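# Architecture at a glance
Spelled out, the chains give:
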Amino acid sequence: MYGTQFKHYVLALSHRHGALVTAQTLVAVANTLANSFVLIYLVRMGMSEVQCALFILVCAVVPLMLTAFASRTIVSNFSYSISTALISLAGYYLLLIVLDGWALVLIPPAFFGVYIVTFWVPYNALIMHITSKKKRGASIGLYFLIFPMVSVVTPLLGGAVISSASYDLLFGVAAAVVLANLFFISGFRVLRKLRERIIIPELLQSLRVNLVGRLQMDLDMRPVDWRLRIALFAEGVQDGIFWVFVPLMSFEFAENELSVGGYLSLFAFWGAVMTVGLGYLSDRLKDRAHLVRIGAAFSAVSIILVVQATTPEQYASAMSLAYFWIAVVPSFLFTMLLDKLERYKKKGVLIREFLLNAGRTVGVLILIGLLLLGVDISLSMIVAGIATAAIVIVK
């Protein structure tokens with residue numbers, strides 16, 4: 001019975017949501033193939049852990065600023081926002097090839113930050129519009145399954161490309177996949193009026209008016225209760241620390257990119273295992289908050305266990321367990337937010353993006369502070385564990 005229901009949801013997703021699924025799958029292929037290794041690439045280029053963390057900090061600060069002070073521009077340009085995102089993402093991978101030194105640390109992540117907000121805000125708003133409240137948990141769960149499912153394979157392929165060829169080829173392939181996605185979502189008319197499809201000048205104008213001219217945020221977060229706000233912020237803190245810690249620590253244990261790809265694929269596999277069916281289960285039980293609290297509690301314990309890992313086997317086991325339980329949190333928090341803001345869909349997506357990136361910024365800043373104090377990077381996982389534990393307050 002359960003297998004039949006799951007097959008029904010998969011078929012419904014493919015028939016009704018095919019274009020969105022394809023677009024996200026291509027983004028997932030590019031990012032999990034190449035971006036999984038970007039911090040290791042920085043290390044290979046002679047960058048320190050602090051510089052790697054600064055790279056991720058820029059990735060979080062740029063979408064935070066754009067969401068806070070230029071959200072109206074994004075909302076009013078939905079039709080061109082995703083095109084802008086994919087152009088920025090392709091530019092990100094190409095800049096990784098040509099830049100070095102501090103320019104490599106600071107410029108490409110700004111492009112990645114533009115992609116984060118200009119892709120995921122309209123994309124998630126579209127998901128919200130085409131999913132019904134009755135079966136939203138199942139649909140969103142399947143959307144959130146795309147990245148971990150793709151990640152079961154692509155990091156291994158990425159590691160193989162690096163080992164057999166070069167990082168330049170890997171980033172070039174990722175850029176090509178992104179550009180193919182751009183042609184797909186633009187209906188093969190992407191070369192016509194390309195300038196009008198890029199909303200970066202309007203984003204900069206909004207920042208100049210709202211941030212420099214007079215400090216005025218575009219967002220009103222009053223519709224979201226404080227417990228859910230804290231939970232989304234805490235999810236962001238854990239995200240920010242993981243974005244730095246996981247590739248660097250995996251590389252420390254693995255010592256080569258092919259083995260790192262094996263670690264990342266293993267972690268993604270366990271995240272995918274947990275994700276499958278959870279959306280359907282949440283629709284049946286109608287108590288998503290209870291499932292989130294369970295997932296957050298077990299995630300926190302699993303993350304703390306990572307700090308104790310001293311061998312590759314211990315690290316792989318602890319991180320697999322962490323990814324298994326963490327998979328419960330993002331899709332359910334997203335679904336809960338959308339259920340509360342059914343009449344204000346775009347606002348809900350913007351609020352989520354703002355809170356996540358605010359949390360990521362704080363998480364990375366804490367990690368940088370610990371590194372500057374000479375603290376081992378593994379201890380940053382204690383902060384991630386505490387942040388994840390804070391999600392249990394959600395109702």
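In this text the structure is predicted, and so the values were computed from the model without any measurement.

### A look at the nonpolar core
Counting residues in each nonpolar core, the largest one holds 133 residues, and the members touching the most others are Tyr93, Phe245, Tyr315 and Leu333. In terms of residues, this core owes the most to one element, helix H12 (residues 226–254), which gives 15 residues. Not counting residues within four places of it along the chain, the set of residues in contact with phenylalanine 245 comprises Ser250, Val306, Tyr315, Met319, Ile377, Ser378, Ser380 and Met381.

### Considerations on the confidence of the model for the chain
Mean pLDDT over the chain works out to 86, with 86% of the residues at or above the 70 mark. When mean pLDDT is compared element by element in the chain, helix H3 (residues 38–44) scores highest at 97, while helix H1 (residues 2–16) scores lowest at 48.

### Overview of the side chain of threonine 154
With respect to the helices, strands and loops of the structure, threonine 154 is situated in helix H9 (residues 154–164). Threonine 154 sits in the buried class, given a relative accessible area of 6%. From its side chain, threonine 154 meets the backbone oxygen of valine 150 in a polar contact 3.0 Å long.

### Let's talk about the packing of aromatic side chains
Evaluated as defined, the whole model comprises 25 aromatic pairs. Taking the centre distance of 6.3 Å and the plane angle of 25° together, the rings of tyrosine 93 and phenylalanine 171 count as stacked. Of this pair, tyrosine 93 sits in helix H6 (residues 78–98) while phenylalanine 171 sits in helix H10 (residues 167–185), and the two are 78 residues apart along the sequence. Accessibility assignment for this pair places tyrosine 93 and phenylalanine 171 in one class, buried. Ring geometry for phenylalanine 298 versus tryptophan 325: centroids 4.5 Å apart, planes at 20°, classification stacked. Residue phenylalanine 298 is found in helix H15 (residues 288–307), and its partner tryptophan 325 is found in helix H16 (residues 312–326); the two are separated by 27 residues along the sequence. Here the basic side chain of arginine 352 rests over the ring of phenylalanine 334, its NZ or CZ set 4.7 Å away from the ring centre.

### A short note on the pattern of salt bridges
Taken as a whole, this structure holds three salt bridges when the rule is applied. As a salt-bridge pair, arginine 360 and aspartate 239 come within 3.1 Å of each other at their nearest N and O atoms. With arginine 360 in helix H18 (residues 345–372) and aspartate 239 in helix H12, this pair connects stretches of sequence that are 121 residues apart. For the pair arginine 360 and aspartate 239, one class covers both residues: buried. A salt bridge links glutamate 353 to arginine 360, with the shortest nitrogen-to-oxygen separation between them at 4.0 Å. The same class applies to glutamate 353 and to arginine 360, which are both buried. Counted as one network, the salt bridges with shared partners bring together Asp239, Glu353 and Arg360.

### Observations regarding the packing of helix H2 (residues 18–34) against helix H7 (residues 101–130)
The interhelical angle for the contact between H2 and H7, taken along N-to-C directions, is 150°, at an axis separation of 11 Å. Regarding the angle of H2 to H7, the classification is roughly antiparallel. Note on packing geometry: the crossing formed by H2 with H7 is left-handed. Two secondary-structure elements touch here, H2 through Leu20, Val21, Gln24, Val27 and Asn31 and H7 through Phe112, Tyr115, Phe119, Trp120, Tyr123, Leu126, Ile127 and Ile130.

### So, helix H17 (residues 328–340)
The end-to-end C-alpha separation of H17 is 19 Å, in line with the 18 Å expected for 13 residues at 1.5 Å each. Among the 13 residues in H17, twelve count as buried, and that is most of the element. Of the positions making up H17, those classed as buried are Val328, Val329, Pro330, Ser331, Phe332, Leu333, Phe334, Thr335, Met336, Leu337, Leu338 and Asp339.

### A look at unusual backbone geometry
A positive phi is found at glutamate 255, a non-glycine position, where the angle reads about 75°. With respect to the helices and strands, glutamate 255 occurs in the loop between H12 and helix H13 (257–275).

### Here's the deal with the side chain of serine 265
Turning to its location among the elements, serine 265 is positioned in helix H13. Polar side-chain contacts of serine 265 include one of 3.4 Å to the backbone oxygen of serine 151. Only 3.1 Å separates the side chain of serine 265 from the backbone oxygen of valine 152, close enough to count as a polar contact. Each residue touching serine 265, except ones within four places of it in the same chain, is listed here: Ser151, Val152, Val153, Pro155 and Leu156.

### Quick look at helix H4 (residues 49–69)
Given a rise of 1.5 Å per residue, 21 residues ought to cover 30 Å, and the 30 Å separating the end C-alpha atoms of H4 matches this to within 8%. For H4, the buried fraction is high: 16 of the 21 residues fall into the buried class.

What counts, and where the lines are drawn
- Residues numbered from 1 in each chain as written.
- Predicted model: local features only at pLDDT ≥ 70, side-chain atom pairs only at ≥ 80, totals over all residues.
- Heavy atoms only, no water.
- Core = buried A, V, L, I, M, F, W, Y, C linked by side-chain atoms within 4.5 Å.
- Buried < 20%, exposed > 50% of the residue type's maximum accessible area, 1.4 Å probe, protein only.
- Helix = DSSP H or I, 4+ residues; strand = E, 2+ residues; numbered from the N terminus.
- Contact = heavy atoms within 4.5 Å.
- pLDDT = per-residue confidence, 0-100.
- Polar contact = N/O pair within 3.5 Å; in protein donor to acceptor, adjacent residues only side chain to side chain.
- Phe/Tyr/Trp six-rings, centres within 6.5 Å; stacked < 30°, edge-to-face > 60°.
- Lys NZ or Arg CZ within 6 Å of the ring centre and 35° of its normal.
- Salt bridge = Lys/Arg side-chain N within 4 Å of Asp/Glu carboxyl O.
- Axes fitted to C-alpha atoms, helices over the stretch in contact; angles between N-to-C directions.
- Parallel < 35°, antiparallel > 145°, perpendicular 65-115°, else oblique.
- Left-handed = near helix turned anticlockwise from the far one by under 90°.
- Expected span 1.5 Å × (residues − 1).

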